[in-house]
Structure formats: C-alpha cells, structure tokens
Amino acid sequence: MKEYTSPSVDGETGLGRYKIMALCGFAFCIYLFVILKIGTIPFSDFEMYYETGQGILRGEGISSFYKYFQPGGYPYLLAVIFNIIKSNSILLPQVLNALILTFLLWISLKYPIGKSRVAIFIGYIILVFNVNYLGMVSVLCSEIPYIFFFLLGLLTFWRESKSILGGECKWGRRYHFIPFLISGIFLGTSQYIRPVTFPYLLILSLFMVFGVLYFSVQKTEEKPKAACLFSLQSLGITWSTFFVGALIFYWVSGYGLTYMPQQKGLWNLYVGFNTESKGSWNQKDSELIVSVGDKFNWEADRINEKLKPIVIDRIRNNWAKTLWNLPEKVYKLMNPRGIPYWTIEQSKVKNKDIIYRVSGYLSYLNVLALIMSIGFWLTCLAKRNISQNEYFAFCVIGSSFVYLVLHGYLLEVQPRYSNHLWMLMFWCYPLSQQTVWDFFKKIFRGGGKMRMISFGLMAIGMIILLVSLLADFIGIGAYPEFGKNQVIGAAIGLLVFIAGIIINRRYLQISKK
C-alpha cells in the first residue's frame, strides 16, 4: 500500500483540496438523490420531533408527554432552522442531514486517522454507502445531528491530547485547557440531543487511563504515571464542561437540572428486560406505558413511582434470561438491515422490496468495517507497542464494543441506536486496515516455527470467532437468533486466539534470551 508522510499532527491525505471537494460533492449528490427520490413522510418518533419543533415555534414549549420519553435538543434544533429559513418544510432538516454527513466525510479525508491512501479511499466508500446513514439521511432523526457534535467532541479532545503527549506543546502552557473546554461543550450538546454520551464517555475514560499503563505508546514523552495523570487532568476538564453544558441545556428547556430525560431509563429498562420481546418495543409494553401515562397526565415523578417496582421485579426475574438473549440483542443492535424501514415505510417508494434487498447487500460494508475493527483491536493487544493514533483508536473501538454489550443487556435495542458507534468504526477504518495489514505482513516476513505457529493460531482463532459472531449477519446461520453453536464457536475461536498470543509471548521471551 502506498503511504504518505504527514507534516502535521493529524495529517493530510495528499489528495489535494479539489479532489477532497469533488469526493464530498459526489457524496452530497448521492444524499440529495436519496432524499428526493424516496420522499420520506414523518411518522412515529420522527413525526413527534416535527410536531414538537412546530410547538416550540408557536411558543407552546415541550409537552410533558415528549419530556418523559425524549431529550429536547433535536426539536429545538428544528425550531431554530424553521425560524431562520421562515419555512417548516421537512426538506430543510433532511438537507441538514446531508450537509452534516458530507462535513464528516470531509473531516475523514482532510484529517484521517490512518495514513494509507488506499485504506482512506476504501473507508470513504464504506462511509458513503453504508446503510446506517444512507437509510437515515431522508428521515427527521436526531441520530445524525447527534453524531456531528459527538464526533467533533472526541476529535477536539484527541487533537489537543496528542499534541501534549507528543511533546509538541506543554500541559502548563497558556490556554491549554481551551480545547478541552470546547470538547466538553460539543459532548454536552450531543448529550442534550441524545442522552447516550454519558455512558460512552465513562467507558472511554477508563480505557484511556488504563490504556496508558498497558501500552507502550510511541512518541509519548511522558512516563506512564505522568501520562496517566495528564489523562485524568484533561478528562476532568472535559467531563466538567460536559456536565455543566448538559445541565444548562436541560434546565433552560424545562427539564430541570438533569443530564437525562425525566424517565431516567426506567421505561427502557422495562422494555430491555422483557424476555418475550427480547429488548424490542411491543404492543403490551406500549399499552402499559400509555395507560399509566394517561392516568397521571404524563407527570414523570408519578409515572416512575408506579413503574419502578414493576421494573425491579422484571429485572429480578428475568436477568438470567436476558443474559442468555444478549448475543441476539447485540446482533439486532448492530445489524443495519432494519434501518430502511424508517425511511421507506411511509414514502413514495412503491416497490419497497428493492430497498430492502439493496440494503442487505450494502450491509456487508458494515461487516467489513466490523471485522477490521475487531482485528485491529486484537492486533493492538498482541503487539502492545503502538502509535498514538492506534492508542486512541483502540480506546474508541474498545469503548464501542463494551457500550454495545451494556446497551444490549440493559436497554431497548434498535439498529439506529448504534449509529454513532458505527461512525467511530468507519472513522477508524483506514487505521484499522493499515494496522492489521502491517501486522500480518510482518508475521510472514519474520522467522521461527514457534512464531509462525502462534500467528497461525491467532489467524485461525480470529476467523472462527468472526464467523461465529457474524453467522446470521452473513447468511450462514441456521436459526434467526443467536444459537448454541454460535456461542460455542465464538468461545473456541477466542480460546485459540489467546493460545496464539501466549505462544507468541513465549517466543519473544526465548528470542531475547
């Protein structure tokens, strides 16, 4: 693969300004074509967003019904757009979705986290044609604006962190904390749009602090303890700003001093631990909450008082069954094939089967990104001596996997709920591909039978693990749910891979002696 040498912190692709503009323009035209061709009409949550935005414009504020279920960020964003343009056309937020996705593409091309041009271009193709955003761009959804602020927050944090860890600027320099403040504001805004930043940021913080102690991060002048202290300091500033920003946004919108909507996840826990629905919304669940909500005029405290003992009882009785259903729930959360439902269910598309068929084919791009992400993560664990970008990507991807498992176990699952995690994997894809490629290229160039055996076991274990996890995803599973054979296969693959790592570590110890 052809590589380039970057003179800057994050690097330039070497494609040139006009090539990047042309690629982004091509993607924007595709998004506009999808928007105009499909013609999605708001329904379900998206209709509620639209009506609430209109209510804010009329001075009615946000209803108690909406406050109980949703944060207020997206309706307020819609109201601002409608007020500025002096129009309430649904085409406006749809075009905003297209602009946001195009801007995120520009970031991935202008400041890529990897260095290989080939890998960057493949990442561009995956990002443009993935089902998660191609299927949501024509929908009035909070997921895409959420991704915008969420990714900007992480990018701002990492750019400043990298410059300090690399010795390009010192922690004590003047105004060093401003980028971390800006990062916290972006992340707090994302929490206001969708309240899922908090758990992810918590997991990421743990990964970054302990990752500095585990890895030998290249070009890091600070010693592990000093780097760990720096991580705590920078994360502390970002966390503080994040909380203050989220609290202010919710307070101004009438939610009170909180960083979550008023139901505090109780309703999602009720759905998540319903072993009949396996974490998905069903008729019985909706009938219960409507009856309770109407009875108490959607007053959050009274609803939660009624709902809390039911939730506790359901968790106590169903926690083991929910744990057994966890692989299937995570699979549902990661499989984007259900996303086009939100796009075409109420649209001018007549032959909806074609959309589902095409989205099924395009979902394999997600499979490719997922395989590379898992391979990258395991590769970093094996070699330990990694670059600064690899360290950050390792923490980001690892946090995404842990978040997926926790979300799948605790809460309601829908494919669109994992859109921000897919964006992180797409963003890291060029680095993931290059790292895995270089790792295995180095294997075949190295010597020693023991080392060849170890890497052979690692490769075989990884293949068994991925095939077992993705059997239903790639169409070779015997059952629609996550079966026993998949669980056994995944366990065997993981054990074989670990055995390869142990043998490789033994080889390194012998070679040093």
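Here the structure is shown first, and the text comes after it.
Bear in mind the structure is a predicted one, so any value in this text is a computation, not a measurement.

## A closer look at a nonpolar patch on the surface
Taken together, the side chains of Val 244, Ile 248, Trp 251, Val 252 and Leu 257 present a nonpolar region at the surface, about 580 Å² in accessible area. Structurally, the position occupied by Val 244 is in helix 11 (residues 224-252).

## Overview of the packing of helix 6 (residues 117-129) against helix 17 (residues 352-383)
Following both chains from N to C, one finds helix 6 and helix 17 inclined at 135°, their axes separated by 9 Å at the closest point. Relative to helix 17, the element helix 6 lies oblique. Pair helix 6 / helix 17 crosses with left-handed handedness. Residues Ile 125, Ile 126 and Phe 129 of helix 6 pack against Leu 362, Leu 365, Leu 368 and Ala 369 of helix 17. Its residues placed into classes, the contact of helix 6 with helix 17 shows 7 nonpolar, no polar and no charged.

## As for the packing of aromatic side chains
The full count for this structure, using the stated rule, is 47 aromatic pairs. Judged by centre distance (5.6 Å) and plane angle (85°), the ring pair of Trp 239 and Phe 242 falls under edge-to-face. Taken together, the residues Trp 239 and Phe 242, both in helix 11 and 3 residues apart, mark about one turn of the helix. Overall, Trp 239 belongs to the buried group, its relative accessible area being 15%. Three or more aromatic residues joined by ring pairs make a cluster, and in this case those are Phe 43, Phe 46, Tyr 49, Tyr 66, Tyr 74, Tyr 341 and Trp 342. Lying over the aromatic face of Tyr 111, Arg 159 brings its terminal NZ or CZ to 5.1 Å of the ring centre. Over the face of the ring belonging to Tyr 270 we find Arg 314, whose NZ or CZ atom lies 3.7 Å from the ring centre.

## Details of helix 2 (residues 45-57)
Look at helix 2: 19 Å from first C-alpha to last across 13 residues, which is about the 18 Å you get at 1.5 Å a residue. Counting buried positions along helix 2 yields 10 of 13 residues, so the element is predominantly enclosed. Three or more residues of helix 2 are buried, namely Asp 45, Phe 46, Met 48, Tyr 49, Tyr 50, Thr 52, Gly 53, Gln 54, Gly 55 and Ile 56. Buried positions along helix 2 lie against helix 3 (64-69), helix 4 (73-85) and helix 16 (340-344). Downstream of helix 2 by a residue or two, Gly 59 has a phi angle that is positive, lying close to 85°.

## Structural notes on the environment of Ser 64
In this fold, Ser 64 is placed in helix 3. Taking the C-alpha atoms as reference points, Ser 64 and Gly 254, 190 residues apart in sequence, are found 9.9 Å from one another. The contact partners of Ser 64, leaving out residues within four places of it in the chain, are Asn 297 and Trp 298.

## Comments concerning the nonpolar core
Of all hydrophobic cores here, the largest spans 139 residues; its most connected members are Tyr 200 and Tyr 391. Setting aside residues up to four positions removed in sequence, Tyr 200 forms contacts with Phe 150, Leu 154, Val 396, Ser 399, Ser 400, Tyr 403, Leu 421 and Leu 424.

## Topic: the side chain of Ser 373
By the secondary structure assignment, Ser 373 is in helix 17. Residue Ser 373 is classed as buried on the basis of its relative accessible area of 1%. Leave out the neighbours within four places in its chain, and Ser 373 touches Ile 397, Phe 401, Met 425 and Ser 432.

## Re helix 13 (residues 283-295)
The end-to-end C-alpha distance of helix 13, which contains 13 residues, comes to 18 Å, matching closely the 18 Å that a straight helix rising 1.5 Å per residue would cover. Among the residues making up helix 13, those that are buried are Asp 285, Ser 286, Ile 289, Val 292 and Gly 293. With its buried residues spanning 140° around the axis, helix 13 presents them on a single face. Every exposed residue of helix 13 that faces more than 90 degrees away from the buried side is listed here: Gln 283, Lys 284 and Lys 295. Taken together, the buried residues of helix 13 touch helix 3, helix 12 (266-272) and helix 14 (300-324). Looking one or two residues past helix 13, Asn 297 carries a phi angle of roughly 55°, positive in sign.

Cut-offs and rules
Residues numbered from 1 in each chain as written. Predicted model: local features only at pLDDT ≥ 70, side-chain atom pairs only at ≥ 80, totals over all residues. Heavy atoms only, no water. Patch = residues over 30% accessible without salt bridge, like charges linked within 9 Å, V, L, I, M, F, W, Y side chains within 5 Å. Areas by Shrake-Rupley, 256 points an atom, 1.4 Å probe, with all protein chains shown as cover. Salt bridge = Lys/Arg side-chain N within 4 Å of Asp/Glu carboxyl O. Helix = DSSP H or I, 4+ residues; strand = E, 2+ residues; numbered from the N terminus. Axes fitted to C-alpha atoms, helices over the stretch in contact; angles between N-to-C directions. Parallel < 35°, antiparallel > 145°, perpendicular 65-115°, else oblique. Left-handed = near helix turned anticlockwise from the far one by under 90°. Contact = heavy atoms within 4.5 Å. Nonpolar A, V, L, I, M, F, W, Y, C, P; charged D, E, K, R; others polar. Phe/Tyr/Trp six-rings, centres within 6.5 Å; stacked < 30°, edge-to-face > 60°. Buried < 20%, exposed > 50% of the residue type's maximum accessible area, 1.4 Å probe, protein only. Lys NZ or Arg CZ within 6 Å of the ring centre and 35° of its normal. Expected span 1.5 Å × (residues − 1). Core = buried A, V, L, I, M, F, W, Y, C linked by side-chain atoms within 4.5 Å. Arc of directions from axis to C-beta.

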